[in-house]
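Close look at the chain arrangement
Below, each chain spelled out in residue letters.
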Amino acid sequence: MLDCAIIGGGPAGLTAGLYATRGGLKRVSLFEMGMPGGQITQSSEIENYPGFFEEGKTGMDMMNTWQEQCFHFGLKHEMKKVDNITKTGEYFTIVLENGTKVEALTVIVCTGSVPKRAGFNGEDEFFGKGVSTCATCDGFFYKGKPVTVLGGGDTALEEALYLSNICSDVYVVHRRETFRAAPPTMERVLKKENIHLVTDSVIEEAYGGMMGLDGVKIKNTKTNEITDMPNTGLFVFVGLNVRNEVLKDEKDEFICKTNASGQVIVDLSMRTSVAGLYAAGDLRIEAPKQVVSAAGDGSIAALQVLSYIQEMD
Ligand SMILES: Cc1cc2nc3c(=O)[nH]c(=O)nc-3n(C[C@H](O)[C@H](O)[C@H](O)COP(=O)(O)OP(=O)(O)OC[C@H]3O[C@@H](n4cnc5c(N)ncnc54)[C@H](O)[C@@H]3O)c2cc1C
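As recorded by an unreviewed UniProt entry, the protein chain carries the name Thioredoxin reductase (EC) and is attributed to uncultured Sulfurovum sp. What UniProt states about the protein chain under its Sequence similarities (unreviewed entry) heading is, verbatim, "Belongs to the class-II pyridine nucleotide-disulfide oxidoreductase family."

Take a look at the structure:
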């Protein structure tokens, strides 16, 4: 029986593991289907994690040191995908992909959420090298320069507003004539002189070379006209896949409360609606989707686990 099972080995899961083991728990396992590190390992540059600021260092460089630190304090990594979690009485059963069952007193779910891809040419090739899904992370790299935003919902326009304070011009490309964003957001966008709405249009191609993205080609779907936008960063906001599958039972229903988008509802202590089950990082409601906040969540969840187990004794 594990004291704590942590599912997902990104910043939230690793930090939860560090706090749980250093807090005295002996049997803590991190179930991560790949190498620990999480999504940030796809980033070619990270500038906003305090204390980690060195030119040329990647997200992978940063996360390698996290792994070492966690394993040093006794966290065990099992390179396994988790299929689902159930609670019977006081204990959780974690079912792994190969059918193996593991029991645990507590579970911290840190499986993250993945921005959807739009599917244009060059999107995968330049992802993390000029094509971004995070204005807070990468907007500053385009200080005083023009950027292109793809999407027509609330997130796209909120992020366009954020970028408009840093970048010279923000071109918001949307395939329809009208935007889906809430009216107050739309009003704020329309007041910004450096936000330009490019409707009935799609990204035809993102192009570049070894050094990353050089520009994008925008296609008007009514006229088929192609506009070349050189020297731009491209921010894509076309939806989110919350990785919440492990929290679904055999009837495809969630074992804890989630919102309409499938994000896990937690309180300020990262407690879900099920006692002993915690959620931390990008899969929880209102997550800022930053390494620093995912790590913070992980620490909070682990501290809660320590108190929960103490109360069980
Ligand atoms: C290209 C890129 C650049 C970024 N740049 C920045 C930046 O500059 N600054 C910043 O603060 N943030 C940045 N971010 C965002 C940051 O990476 C995330 O906010 C952060 O990684 C979230 O951490 P997490 O632990 O919640 O989830 P994740 O990092 O998504 O980790 C979740 C982990 O769970 C694993 N997992 C999922 N399902 C299962 C399962 N069923 N079984 C086992 N394992 C599972 C996954 O393999 C993954 O490793 C960037 C993201 C990307 C993609």
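So, the packing of helix α4 (residues 154-164) against helix α5 (residues 183-191)
At a minimum axis distance of 10 Å, the contact between α4 and α5 shows a crossing angle of 35°. Here α4 and α5 pass one another in a crossing that is left-handed. Here Asp154, Leu157, Glu158 and Leu161 of α4 come into contact with α5, specifically with Thr185, Met186, Arg188 and Val189. By residue class, the composition of the contact of α4 with α5 is four nonpolar, one polar and three charged.

Observations concerning the state of the cysteines
By definition, a disulfide links two cysteine residues through a covalent bond between their sulfur atoms. Per the stated rule, a full pass over the model turns up one disulfide. Distance from the sulfur of Cys70, which forms no disulfide, to the nearest cysteine sulfur (Cys110) is 11 Å. Left unpaired, Cys110 is separated from the closest cysteine sulfur, that of Cys4, by 8.5 Å. Classification of Cys110 by relative accessible area gives buried; the value is 6%.

Some thoughts on the site of the ligand
Not every one of the 32 residues close to the ligand is listed here, only the nearest: Glu32, Gln39, Asn48, Asp282 and Val291. In the environment of the ligand, an oxygen atom lies 2.7 Å from a nitrogen or oxygen atom belonging to the side chain of Glu32. Within the complex, 95% of the 1,000 Å² of free accessible area of the ligand lies under protein. Looking at the shell around the ligand, the elements with two or more residues in it are α1 (11-22) and α6 (291-312).

Looking at the UniProt feature "domain: FAD/NAD(P)-binding" (unreviewed entry) in the protein chain
Residues given the UniProt feature "domain: FAD/NAD(P)-binding" (unreviewed entry) here are residues 3-298. With 20% helix and 28% strand, residues 3-298 has its two end C-alpha atoms placed 16 Å apart.

Digging into the sheet that holds strand β13 (residues 212-220)
If you walk across this open sheet you meet the three strands as β12-β13-β14, and the pairing is antiparallel. Bordering the open sheet on either side are β12 (201-209) and β14 (226-230), each of which pairs with just one other strand. When strand polarity is set aside, the average angle formed by the axes of neighbouring strands in this sheet is 25°.

Describing unusual backbone geometry
In this structure, Asp252 takes a positive phi of about 70° despite not being glycine. Note on Asp252: relative accessible area 54%, which makes it exposed. Positive phi is not limited to glycine here, since Lys289 has a value of about 55°.

A look at the domain arrangement of the protein chain
Considered domain by domain, the protein chain is made up of domain 1 (2-115 + 240-312) and domain 2 (131-236). Each side of the interface is counted separately: domain 1 has six residues, and domain 2 has six residues. Roughly 450 Å² of surface becomes buried between domain 1 and domain 2 when both sides are summed, with 57% attributable to carbon and sulfur atoms. Interface area lost by domain 1 to domain 2 is led by Glu47, Pro115 and Gln290, which between them contribute 66%.

What counts, and at which threshold
- Residues numbered from 1 in each chain as written.
- Predicted model: local features only at pLDDT ≥ 70, side-chain atom pairs only at ≥ 80, totals over all residues.
- Heavy atoms only, no water.
- UniProt positions renumbered as here; feature names shortened; annotations may be inferred.
- Axes fitted to C-alpha atoms, helices over the stretch in contact; angles between N-to-C directions.
- Helix = DSSP H or I, 4+ residues; strand = E, 2+ residues; numbered from the N terminus.
- Left-handed = near helix turned anticlockwise from the far one by under 90°.
- Contact = heavy atoms within 4.5 Å.
- Nonpolar A, V, L, I, M, F, W, Y, C, P; charged D, E, K, R; others polar.
- Disulfide = S-S within 2.5 Å.
- Buried < 20%, exposed > 50% of the residue type's maximum accessible area, 1.4 Å probe, protein only.
- Near = heavy atom within 4 Å.
- Polar contact = N/O pair within 3.5 Å; in protein donor to acceptor, adjacent residues only side chain to side chain.
- Areas by Shrake-Rupley, 256 points an atom, 1.4 Å probe, with all protein chains shown as cover.
- Pairing = 2+ DSSP bridges.
- Domains from an automatic or database assignment.
- Buried area = accessible area lost by both parts, 1.4 Å probe.

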